[in-house]
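Report on the structure
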Amino acid sequence: MSLPRDPTLRVVPEPQDINTNGHIFGGWVMSMMDRAGGIFASRLSGTRCATIAVEAMTFHAPILMGDLISIYASVERRGRTSLAVRLDVMAERGQTRGEEVQVTTGVFTFVALGEDLRPTPLPPEG
């Protein structure tokens, strides 16, 4: 599966990110998704954003040591001060980086913050 847009975040896991099963720890994946979602939400809102909810997260396949991880973000829903962001995590396997596997998906909700660190309206779409 190849997504037709640029990734919001790309990263290679390190040895300390391995769990007892020999795969990359799920908490590490969630942390990277939160970073990517925050970057995406901040770009759209033009301000700081904070995570307020993780609505869903599904692990489809393990991330292996040496995988190149790409996280793609898109707007799932838009509110007055918040954005629900769909995050698709893809792993490119092996040294040649030829095989791409969807490993995780999730929906994270972010709220736009004003200078007072309180929710602030999102700019108009467009």
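Not measured: the values here are computed from a predicted model.

Basis of the calculations
- Residues numbered from 1 in each chain as written.
- Predicted model: local features only at pLDDT ≥ 70, side-chain atom pairs only at ≥ 80, totals over all residues.
- Heavy atoms only, no water.
- Helix = DSSP H or I, 4+ residues; strand = E, 2+ residues; numbered from the N terminus.
- Rg over C-alpha atoms; globule rule 2.2 N^0.38 Å.
- Salt bridge = Lys/Arg side-chain N within 4 Å of Asp/Glu carboxyl O.
- Buried < 20%, exposed > 50% of the residue type's maximum accessible area, 1.4 Å probe, protein only.

**Quick word on the overall build of the chain**
From N to C terminus, the chain includes one helix and five strands. In the chain, the succession of helices and strands from N to C terminus is β-α-β-β-β-β. Whereas a compact globule of 126 residues would reach a radius of gyration of roughly 14 Å, the chain reaches 15 Å, a difference of no more than 12%. By principal-axis analysis of the C-alpha atoms, the chain measures approximately 45 × 30 × 20 Å.

**Digging into the pattern of salt bridges**
The final tally for this structure, using the stated rule, is five salt bridges. The salt bridge partner of Glu92 is Arg10, with a shortest N-O separation of 2.4 Å. Pair noted here: Glu92 is in strand S4 (residues 82–93) and Arg10 is in strand S1 (residues 9–11), with a separation of 82 residues, a long-range link. Residue Glu92 is classed as buried on the basis of its relative accessible area of 13%. By relative accessible area, which is 45% here, Arg10 ends up partly exposed. The closest approach of N and O atoms between Asp67 and Arg93, which form a salt bridge, is 2.2 Å.

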